[in-house]
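A look at the structure
These are the residues of each chain, in order.
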Amino acid sequence: MCDLKERIKKLKDALRRAGYEDFVKIETAHISGISYINVGDAGIELLRDLHREGLRTRTFTTCNPACMCIEDLERDDIEARKQREIVHILKKIGVSTWLTCIPYEHLKIRQQRYYAWSESSAVAFISSIYDAYTDKLPGPLSLISALTGEMPKTEILEEENRYPRVLVEVINDRCLNTVEAGVLGMIIGSQYRRKMDIPYVRFRRAPFRTIEAVKSFLASFATYSNCPLVIIEGLSTNYEKYRSRMVRECKLSIDMRDIDREVRELATRCSLRELGKRTLVVTGCPHLSAHAVRALLSALGNTRLESNVWIFTSRFNKVVPALSGVRVICDTCLFVSSYIRSIRDLSDKIYTTSIKQYYYLTKRVKDLEVRILIAKEIEETLNNMSGALFLRDV
Amino acid sequence: MCRVIYMDDSRYRICGRAVKLSYITLLGDLDPETGTLSDGRSIRDRVLVYIQAVGSTVGSYVLYALAKRGNKPRAVLCVELDHLTLVGCVLGGIDLFQIGKEEYDRVVEGSEICVEVDKINREECHIAGDE
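My aim in this report is to walk through the structure given alongside it, one point at a time. (Residues numbered from 1 in each chain as written. Chains lettered and ligands numbered in written order. Predicted model: local features only at pLDDT ≥ 70, side-chain atom pairs only at ≥ 80, totals over all residues. Heavy atoms only, no water.)

1. Here's the deal with the overall build of chain B
- The helix and strand inventory of chain B stands at four helices and 11 strands.
- Evaluated residue by residue, chain B yields a buried proportion of 54% over its 131 residues.
- Taking the intrachain contacts of chain B between residues at least 6 apart in sequence as the baseline, contacts between residues at least 24 apart amount to 72%.
- By element, 47% of the accessible surface of chain B is carried by carbon and sulfur atoms, the whole surface being about 5,300 Å². (Helix = DSSP H or I, 4+ residues; strand = E, 2+ residues; numbered from the N terminus. Buried < 20%, exposed > 50% of the residue type's maximum accessible area, 1.4 Å probe, protein only. Contact = heavy atoms within 4.5 Å. Areas by Shrake-Rupley, 256 points an atom, 1.4 Å probe, with all protein chains shown as cover.)

This is the structure we're talking about:
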């Protein structure tokens, strides 16, 4: 029988036997699945043992949201105690407990460098926008990568395997808002689910108004497809190289009617003022950027709201809202949080602005109605906060 | 086809009664506290045979917890090797073998099977009934 340290060494041999011949040194690791709601006692047990055997991260490592915000960790219930222990051990083994799914907003990501990340939306963002070499790793494998400083060189990390195989032409007559961008990600992702079906997406006009729409597009794509990379013409780093080496196997055309049809099906369009008391509006999946949080709070101003509005973001973007009913929540995300259980006390209906969140909430929350919301106040803010995100010359 | 992916010690023969599934969701189908599947079958000291593990990445932790509680199977045999099974088995010290679809099809639920590791090339193995 071997101890845990020995087994981690043996994992490399096992991965070799599984076909991963090479291992690459990583820039950073990002671990998903650290919420107690997800990992349960089994996850805590592994973390305890890793800590007990003196293992420490060998590279800068961050982690995903926990099951509650940091202030609630001081509570004395069982979930808070367990989550507190997870965060405590992660810190002890050297993880920077940022508890966010957008670590890329606070890090300099370098092209063609390797990242052992396991949050699918973040993986899609850094590989598609910065041309970082990463793959959708399971949480425990990114944890082990953090401890060893290297990751297996999977297929997608080989340059010749990153050339796009699907040409997607989007015949858009306007920049897409965050919901439309999410719907586009859903359409492309559900059409091409396989890992190596890398799309090259060409837009007729500037595609996304803001970075929040880009995040929405990629998070949604990563929800439906196993592929961790999308090349966006004019936006992705090195898109010219990828365009010239495209191995075109199929072509998909999407026009605004396709997107509008899906939006009509999934979304309700209204102002936040029109929503009643027992309604919860959730935004920030992926976590909103600092700029977006401030812009949104300022747009809400002194609006009188009957509904509750929860804005999820990273701890670095925390702002205390002055408006009653509006909460800025850090360090957690609705889907992996314990707050999801208290929603029924608060509302009969959840509105979300995220296709990814909609996908998961409809699976987990069976007895509440979930809808996508295009709220005038949110969309106008997110779309206008810093002007349109223009394409580079193509 | 039968390949050794991970062995926690240097045995040449691992035998046990087969518990066969097609796909397994480690988080949800498997209770680490009791070592039983959601359909009531125990996997403790059995040979667990499936095509592939799917679902939450937390699945690896479940295999680890299972082993910690002394409820681990004698071996896991899978057709399509996935990261969840691989990481979970290695950390939990559970012997792991990759088999072909033909070998998978030949395994009969509840029958006694043995994995015999090649004495010269320890990366190769074959599946036999208990003789």
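2. What about the interface of chain B and chain A?
- Tallying the contact residues gives 27 residues for chain B and 26 residues for chain A.
- Both faces considered, chain B and chain A share a buried interface measuring about 2,500 Å² in area, 64% of it formed by carbon and sulfur atoms.
- When the buried surface of chain B facing chain A is broken down by residue, Y61, H83 and L91 of chain B rank first, second and third, together holding 30% of it.
- Between the two partners, chain B and chain A, sit four salt bridges.
- Our count for the chain B to chain A interface comes out at eight residue pairs in polar contact (both at pLDDT 80 or more).
- Counting residues per element, the ones that place at least two in the side of chain B that touches chain A are β1 (2–6), α2 (59–68) and α3 (83–92) of chain B. (Buried area = accessible area lost by both parts, 1.4 Å probe. Salt bridge = Lys/Arg side-chain N within 4 Å of Asp/Glu carboxyl O. Polar contact = N/O pair within 3.5 Å; in protein donor to acceptor, adjacent residues only side chain to side chain.)

3. Concerning the sheet that holds strand β14 (residues 326–330) of chain A
All names here are of chain A.
- Taken together, the six strands give an open sheet; going across it, the order is β11-β16-β15-β12-β13-β14, and neighbouring strands pair in parallel fashion. Every other strand in the sheet has two partners, leaving β11 (267–270) and β14 as the edge strands with one partner each. Taking each pair of neighbouring strands and ignoring which way they run, the sheet shows an average axis angle of 30°.
- Where strand β15 (residues 349–352) meets strand β16 (residues 369–375), four bridges bridge the pair, whose relative direction is parallel. Each residue of the ladder has a partner; that of K349, found in β16, is E369.
- Against the sheet, helix α9 (residues 256–266) contacts β11 and β16, and its axis sits at roughly 85° relative to β11. (Pairing = 2+ DSSP bridges. Axes fitted to C-alpha atoms, helices over the stretch in contact; angles between N-to-C directions.)

4. A look at the pattern of salt bridges
All names here are of chain A.
- On inspection of all chains with the given rule, the structure shows 46 salt bridges over all chains.
- Measuring nitrogen to oxygen at the nearest pair gives 2.2 Å for the salt bridge that ties R341 to E79. With R341 in the loop between β14 and α11 (343–346) and E79 in helix α3 (residues 78–92), the pair connects residues that are 262 residues apart, well separated along the chain.
- Residue class for R341 comes out partly exposed when judged on its relative accessible area of 47%.
- Salt-bridge contacts for D331 lead to R315; the nearest nitrogen and oxygen are separated by 2.9 Å. Within this pair, whereas D331 is found in the loop between β14 and α11, its partner R315 is found in the loop between β13 (308–313) and β14, the two being separated by 16 residues in sequence.
- Residue class for D331 comes out buried when judged on its relative accessible area of 2%.
- Several salt bridges converge on common partners, so that one network encompasses E169, R202, E233, R243 and K251.

5. Here's the deal with α9 of chain A
Residue and element names in this part refer to chain A.
- Among the residues of α9, those classed as buried are M256, I259, V263 and L266. One face of α9 carries all of its buried residues, which in axial projection span an arc of 105°. Opposite the buried face of α9, by more than 90 degrees, sit the exposed residues R257, R264 and E265.
- In this fold, the buried residues of α9 make contact with β7 (166–171), α6 (178–191), β10 (250–255), β11, α12 (355–364) and β16. (Arc of directions from axis to C-beta.)

6. Focus: the pairing of strand β2 (residues 28–31) of chain A
All names here are of chain A.
- Alternating residues of β2 divide into T28 and H30 and A29 and I31, and every residue in both groups is buried.
- In this structure, β2 lies alongside strand β3 (residues 60–63), joined through four bridges in parallel fashion. Paired with I31 across the two strands is C63, which belongs to β3.
- Note on the crossover from β2 through helix α2 (residues 36–52) to β3: the handedness is right-handed.
- One ladder, built from three bridges, connects β2 with strand β4 (residues 114–117); its direction is parallel. Of the residues in β4, the one forming a bridge with H30 is W117. (Right-handed = clockwise from strand over helix to strand, strands pointing away.)

Note that every value here comes from positions in space, so none of it alone points to a role or purpose.
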